[in-house]
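Descriptive structure summary
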Amino acid sequence: MDRIYLRDLEIPAVVGVYGWEQRIRRPLRFDIELAADTRVAAHSGEIEDTVDYEAVANAVRAIVTREPHILLESLAEEIAETLMAQFGSPWLRITLGKPGAVAGVREVGITIERGSLATD
């Protein structure tokens with residue numbers, strides 16, 4: 001199974017468990033991988049035959065900008081469920097980072113994987 005990916009997608013958002021975090025926007029950083037069979041697109045050269053990277057980014061933006069969010073875990077799960085359903089991917093991995101959330105730490109976050117990779 002092939003994988004398409006988006007690296008360092010940055011989206012400003014309101015997210016956090018503390019009251020002060022719910023009053024500020026801060027950047028969230030996403031790395032996203034989706035399993036897809038890209039062979040048809042490789043031969044046809046048509047975007048309709050593959051996963052549209054911009055459509056993936058826009059789907060993530062739509063979820064993230066429906067603010068506020070409390071936990072990164074909940075946000076990552078909602079994104080995973082939406083992307084798998086919208087793009088028909090049998091597997092994905094999302095890394096969601098929150099820079100500057102903990103003093104002395106560049107970034108904290110979560111990586112989730114959902115589904116399974118089929119081999120042929």
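Going by the structure above, here's the rest.
Notes on the structure in this doc start here.

The rules behind each value
Residues numbered from 1 in each chain as written. Predicted model: local features only at pLDDT ≥ 70, side-chain atom pairs only at ≥ 80, totals over all residues. Heavy atoms only, no water. Axes fitted to C-alpha atoms, helices over the stretch in contact; angles between N-to-C directions. Helix = DSSP H or I, 4+ residues; strand = E, 2+ residues; numbered from the N terminus. Parallel < 35°, antiparallel > 145°, perpendicular 65-115°, else oblique. Left-handed = near helix turned anticlockwise from the far one by under 90°. Contact = heavy atoms within 4.5 Å. Nonpolar A, V, L, I, M, F, W, Y, C, P; charged D, E, K, R; others polar. Expected span 1.5 Å × (residues − 1). Buried < 20%, exposed > 50% of the residue type's maximum accessible area, 1.4 Å probe, protein only. Arc of directions from axis to C-beta. Patch = residues over 30% accessible without salt bridge, like charges linked within 9 Å, V, L, I, M, F, W, Y side chains within 5 Å. Areas by Shrake-Rupley, 256 points an atom, 1.4 Å probe, with all protein chains shown as cover. Salt bridge = Lys/Arg side-chain N within 4 Å of Asp/Glu carboxyl O. Polar contact = N/O pair within 3.5 Å; in protein donor to acceptor, adjacent residues only side chain to side chain.

1. Overview of the packing of helix H2 (residues 53-64) against helix H3 (residues 72-87)
Viewed as axis vectors pointing N to C, H2 and H3 meet at an angle of 140°, and their least axial separation amounts to 10 Å. Comparing the axis directions of H2 and H3 gives the class oblique. Crossing geometry of H2 relative to H3 is assigned as right-handed. Where H2 abuts H3, its residues Ala 55, Val 56, Ala 59, Val 60, Ile 63 and Val 64 lie against Leu 75, Glu 78, Ile 79, Thr 82, Leu 83, Gln 86 and Phe 87. Class assignment for the residues of the contact of H2 with H3 results in 10 nonpolar, two polar and one charged.

2. A word on H3
Every α-helical turn comprises 3.6 residues, leaving residues that sit three or four positions apart pointing alike. Here H3 contains 16 residues, and its C-alpha end-to-end distance of 22 Å stays within 8% of the 22 Å for a straight helix at 1.5 Å per residue. Turning to H3, its buried residues are Leu 72, Leu 75, Ala 76, Ile 79, Ala 80, Leu 83 and Phe 87. Taken end-on, H3 shows its buried residues confined to a sector of 135°, consistent with a single buried face. Turned more than 90 degrees off the buried face of H3, the exposed positions are Glu 81 and Ala 85. Buried residues along H3 sit in contact with strand S2 (26-36), H2, strand S3 (91-99) and strand S4 (107-115).

3. Thoughts on a nonpolar patch on the surface
Taken together, the side chains of Val 17, Tyr 18, Trp 20, Ile 24, Ile 70 and Leu 71 present a nonpolar region at the surface, about 580 Å² in accessible area. With respect to the helices, strands and loops of the structure, Val 17 is situated in the loop between strand S1 (2-13) and S2.

4. Considerations on the side chain of Glu 33
Within the secondary structure, Glu 33 sits in strand S2. By relative accessible area, which is 13% here, Glu 33 ends up buried. A distance of 3.4 Å separates polar atoms of two side chains, one belonging to Glu 33 and the other to Arg 3. Here Glu 33 is in contact with Arg 3, Ile 4, Tyr 5, Arg 7, Trp 91, Leu 92 and Arg 93, once residues within four sequence places are set aside.

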